[in-house]
Amino acid sequence: MTTLKKIACLINQDENLTFELEDLAEGLLALGIETKICEDNDSILSYQPDCVLITSPQDAKLTPFPTYGILNQPRDFYLETPRFLRNILTYDGYFTFSPRLKQMIGDVLFGARKLGSSIGQLDLFSLATEFETPLIDKTSLVVIFEPNFVKSHFKKAIYRLFERFSNLSVVTLSAPVIDRYQERFLFIKNNLELKNILGKSDITICLNSGDNQEEVINPSVIKLIAASTIVITHHTNILASYFGENLYFIPQDTYLDFLPDVINSHLQSIQKNPEEAIKKSRQAHQIFLQSFAFDNLLTQFNQHHEKTLIAKGYVPHPHPEVEQALPSVSYIIRTGGKHRPFLERTLDCLEAQQYPDMRVIFVTHAPVPYMDEIIKKYRSIQFKVIE
């Protein structure tokens, strides 16, 4: 079995995922896997990773390394822009926690006749953590985790909660510059600061737990559970299927005017029954460890990677008879002795596919003085020269 040692994460400049990828990189390093966050393909090429994770359909696979797309947005996000779908089809494999996204990408791959692409479970969730019992009293710090407040759809809801609760703050990477509630924002710059704040928080609120119809889970709510906090969050069927009654749910049909009342009801319940709240938090954390902690998903990740290496031709099939049964493939290349670097680059690409019976037919329209050198260099390819 191939052991992963280096992973590159290609992040689009429009994304605000740096803190999540830092969390992932920190945990992987503890497991012996080096990870680099890259903003362009040149960085990936110089890094020479074992594989690449792409977090946005804005980017296609443009490097020779096994490439996996992490799908965690509603289906319309990927389908409404043709370029996104074309980019997704360049990936070697896919990871998602959403059953609907898994079905969608499976249908798309079948329609495109792109077979042999694996679809596994993975997202930008947290690494395994030890449970720390939250302290519940009247001075408990309550925080809303909204990574990108500037672009948030929940601004009105948060301001309404500010008006109702004096001990409520917002943890964010992008707080407004000037705001009447400026002191209520806890601006974080990196993953360490996020961990420190959540470590001091007893009760947390996530207004965006994911998409209910599309069965998408927002990594933010998982991070709050991983931080051993008592979590209040919007209800989604997929979240409830995993965590049951161990989270304090806000019904999907809650109107903005009634949101403070729902939150207050949960807070009072937590204050009146702290032992029950702590028990729920502990059980939710245990479910996180079993189903969402990246450490426990790493074995599955490795298995998908192993299958991809074989299915996509990065390594020969372990059973020689399978490769021997494949038909030969011939490439016809017209050349006249010029531009040797381009010719060798083409042959390097063919050789890298490690196809068992690769053939090249050179059709020369002028003498090629280095033809013998070329043939000797690429021993895995069968050559034929036609003048």
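What you see is a predicted model, and the numbers here were worked out from it, not measured in a lab.

The rules behind the values
Residues numbered from 1 in each chain as written. Predicted model: local features only at pLDDT ≥ 70, side-chain atom pairs only at ≥ 80, totals over all residues. Heavy atoms only, no water. Pairing = 2+ DSSP bridges. Helix = DSSP H or I, 4+ residues; strand = E, 2+ residues; numbered from the N terminus. Axes fitted to C-alpha atoms, helices over the stretch in contact; angles between N-to-C directions. Expected span 1.5 Å × (residues − 1). Buried < 20%, exposed > 50% of the residue type's maximum accessible area, 1.4 Å probe, protein only. Salt bridge = Lys/Arg side-chain N within 4 Å of Asp/Glu carboxyl O. Phe/Tyr/Trp six-rings, centres within 6.5 Å; stacked < 30°, edge-to-face > 60°. Lys NZ or Arg CZ within 6 Å of the ring centre and 35° of its normal.

**A closer look at the sheet that holds strand 15 (residues 329-335)**
Logical step 1: Spatially, 3 strands are ordered 15-16-17 in an open sheet, and the strand pairing comes out parallel. Each of the sheet's edge strands pairs with one partner strand only, and the pair in question is strand 15 and strand 17 (381-386). Neighbour to neighbour, the strand axes of the sheet diverge by 20 degrees on average, direction disregarded.
Logical step 2: For strand 15 and strand 16 (residues 358-364), the ladder comprises 7 bridges, and the chain directions are parallel.

**What to know about helix 12 (residues 294-311)**
Logical step 1: Helix length check: helix 12, at 18 residues, gives a terminal C-alpha distance of 24 Å against a target of 26 Å (1.5 Å per residue), a fit within 8%.
Logical step 2: Within helix 12, burial applies to F294, L297, L298, F301, N302, H304, H305, E306, T308 and L309.
Logical step 3: A positive backbone phi angle near 80 degrees is found at G313, which sits one or two residues after helix 12.

**A few points about the pattern of salt bridges**
Logical step 1: Scanning the model with the defined rule gives 9 salt bridges in all.
Logical step 2: With a closest N to O distance of 2.9 Å, D261 and R164 form a salt bridge. Taken together, the positions of D261 in helix 10 (residues 259-272) and R164 in helix 6 (residues 155-164) put the pair 97 residues apart, joining distant regions of the chain.
Logical step 3: You can call D261 partly exposed: its relative accessible area is 39%.
Logical step 4: Judged by its relative accessible area of 41%, R164 falls in the partly exposed class.
Logical step 5: In this structure, E344 engages K377 in a salt bridge whose closest nitrogen and oxygen atoms are separated by 3.6 Å. Taken together, the residues span a long stretch of sequence, with E344 in helix 14 (residues 340-352) and K377 in helix 15 (residues 371-377) at a distance of 33 residues.

**Side note on the packing of aromatic side chains**
Logical step 1: Applying the stated criterion across every chain yields a total of 18 aromatic pairs.
Logical step 2: Centroid distance Y242 to F292: 4.8 Å. Interplanar angle 65 degrees. Geometry classified as edge-to-face. Linking Y242 in helix 9 (residues 237-243) with F292 in the loop between helix 11 (274-291) and helix 12, this pair joins segments that are 50 residues apart in sequence.
Logical step 3: Take F292: its relative accessible area is 0%, and that puts it in the buried class.
Logical step 4: Put simply, the rings of F149, Y159, F162, Y181 and F185 touch in pairs and so form one group of aromatic residues.
Logical step 5: Here the basic side chain of R113 rests over the ring of F110, its NZ or CZ set 5.1 Å away from the ring centre.
Logical step 6: The ring of Y159 carries the charged tip of R180 above its face, separated from the ring centre by 5.9 Å.

**Quick notes on unusual backbone geometry**
Logical step 1: Even without being glycine, Q48 reaches a positive phi, approximately 55 degrees.
Logical step 2: Turning to its location among the elements, Q48 is positioned in the loop between helix 2 (41-47) and strand 3 (51-54).
Logical step 3: Residue Q48 is classed as partly exposed on the basis of its relative accessible area, which comes to 47%.
Logical step 4: Positive phi, normally seen in glycine, also occurs at R113, with a value near 60 degrees.
Logical step 5: Inspection of the secondary structure puts R113 in the loop between helix 5 (99-111) and strand 6 (118-120).

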